[in-house]
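Structural features, examined
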Amino acid sequence: MTPASISLLTICGLEELESHRSRGVSHVLSITDPGWPEPHAFEAYDRHHRTKLEFHDVIEPFSNHVLPQPEHVEAILAFGESLADAQEEGREGHLLVHCHMGVSRSTAAMAAILAQANPDADAERVVRHIEEIRPQVWPNSRMIGFADRMLGRDGELTEAVRRLYGRRLLASPATGDFMRQNGRGREVEMAIAPKGEER
């Protein structure tokens, strides 16, 4: 389910970047808070293509925070489209997407890229693949909503993410408290419990 020319996918947080420096990363999508210092870890990476975006991990307007906007998701999709043409001859493609914790912005971005690269793939399959790559996944719903519309998915990505939220809350109920405390209560309320289970 990888994009054209890419055979490896990695999602991580800032603290994990150092551990991936010898893994042949060829493409990087960096998502950080506005004004965040440049990660020094990339100085030790092999030559790679990198795109950097800056916005906060929020879903509602909040003082001094930059909400994810449609143009941010457009840039993510443009980056995804570029993967097919950017591969260097004879080198295996390895895409790394990171944000601060590797949980929300980066997983939403990777979901958008995979949904775009696999237009015939069911949204549930896309989201389950992200979950396999990054089990602590909790995609930013605002970003997913924009990707849903831009890719003509008719809300199916959002529905798949709602089911994912349900699985995550079932596995770790404390996640719901953490999300509520950090302005993400609406996503907790969005969650759909897995069939046959109650939260």
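About the thresholds
Residues numbered from 1 in each chain as written. Predicted model: local features only at pLDDT ≥ 70, side-chain atom pairs only at ≥ 80, totals over all residues. Heavy atoms only, no water. Helix = DSSP H or I, 4+ residues; strand = E, 2+ residues; numbered from the N terminus. Contact = heavy atoms within 4.5 Å. Axes fitted to C-alpha atoms, helices over the stretch in contact; angles between N-to-C directions. Parallel < 35°, antiparallel > 145°, perpendicular 65-115°, else oblique. Left-handed = near helix turned anticlockwise from the far one by under 90°. Nonpolar A, V, L, I, M, F, W, Y, C, P; charged D, E, K, R; others polar. pLDDT = per-residue confidence, 0-100. Buried < 20%, exposed > 50% of the residue type's maximum accessible area, 1.4 Å probe, protein only. Pairing = 2+ DSSP bridges. Core = buried A, V, L, I, M, F, W, Y, C linked by side-chain atoms within 4.5 Å. Polar contact = N/O pair within 3.5 Å; in protein donor to acceptor, adjacent residues only side chain to side chain. Expected span 1.5 Å × (residues − 1).

Focus: the overall build of the protein chain
In terms of regular secondary structure, the protein chain is built from seven helices and four strands. In the protein chain, the succession of α and β elements from N to C terminus is β-β-β-α-β-α-α-α-α-α-α. Overall size of the protein chain, expressed as C-alpha extent along the three principal axes, is 50 × 40 × 30 Å. Contacts in the protein chain between residues far apart in sequence, at least 24 positions, make up 69% of those at least 6 positions apart.

Structural notes on the packing of helix α2 (residues 105-117) against helix α4 (residues 141-150)
Packing of α2 against α4 leaves a shortest axis separation of 9 Å and a crossing angle of 15 degrees. In terms of axis orientation, α2 runs roughly parallel to α4. As α2 runs across α4, the sense of the crossing is right-handed. Together, R105, A108, A109, A111 and A112 of α2 and M143, I144 and A147 of α4 make up the contact between the two elements. A per-class count over the contact of α2 with α4 returns seven nonpolar, no polar and one charged.

With respect to the confidence of the model for the protein chain
Low-confidence regions, as indicated by low pLDDT, have predicted coordinates that should not be scrutinised in detail. For the protein chain, mean pLDDT is 93; residues scoring 70 or higher make up 94% of the total. The least confident element of the protein chain, judged by mean pLDDT, is helix α1 (residues 70-86) at 90; the most confident is α4 at 98.

Brief notes about the pairing of strand β1 (residues 8-12)
Within a regular beta strand, the side chains point alternately toward one face of the sheet and then the other, so they alternate between its two faces. Counted residue by residue, β1 has four buried out of five residues, so it is predominantly covered. Here β1 pairs with strand β4 (residues 94-98) via five bridges, running parallel. Residue I11 lies in a different strand from β4, and its bridge partner there is V97.

A word on the nonpolar core
In this structure, L29, I76, L95 and M110 are the most contacted members of the largest nonpolar core, which totals 45 residues. Among the elements that take part in this core, α2 stands out by supplying eight residues, more than any other. Each residue touching L95, except ones within four places of it in the same chain, is listed here: I6, L8, L9, T10, H27, F79, L83, M110 and I113. With nine residues, the next largest nonpolar core counts C12, L17, A41 and F42 among its residues.

Notes on α4
Counting buried residues along α4, seven of its 10 residues qualify, which places the element largely inside the surrounding structure. Buried within α4 we find S141, M143, I144, G145, F146, A147 and D148. The distance from a side-chain oxygen at the start of α4 to the backbone nitrogen of R142 is 3.0 Å, and the residue carrying that oxygen is N140.

Concerning helix α5 (residues 156-171)
Here α5 spans 23 Å end to end across 16 residues, near enough to the 22 Å set by a 1.5 Å rise per residue. Inspection of α5 places L157, A160, V161, L164, Y165, G166, R167, R168 and L169 among the buried residues, and these make up the whole buried set. Along its buried surface, α5 packs onto α2, α3 (123-133), α4, α6 (174-181) and α7 (185-190).

Digging into the sheet that holds strand β2 (residues 27-32)
Reading across from one edge, β1-β4-β2-β3 is the order of the four strands in this open sheet, with parallel pairing throughout. For this open sheet the edge positions go to β1 and β3 (49-54), each flanked by a neighbour on one side alone. Averaged over neighbouring strand pairs, the angle between their axes works out to 10 degrees when direction is ignored. In the packing of α2 onto the sheet, contacts are made with β1, β2 and β4, and the angle to β1 comes to roughly 155 degrees.

Here's the deal with the environment of I31
Its location among the elements puts I31 in strand β2. Accessibility expressed as a relative area gives 0% for I31, which makes it buried. As a C-alpha pair, I31 and N182 span 151 residues in sequence and 18 Å in three-dimensional space. I31 has contacts with L53, F55, I76, H98, C99, H100, R105 and A109, leaving out every residue within four places of it along the chain.

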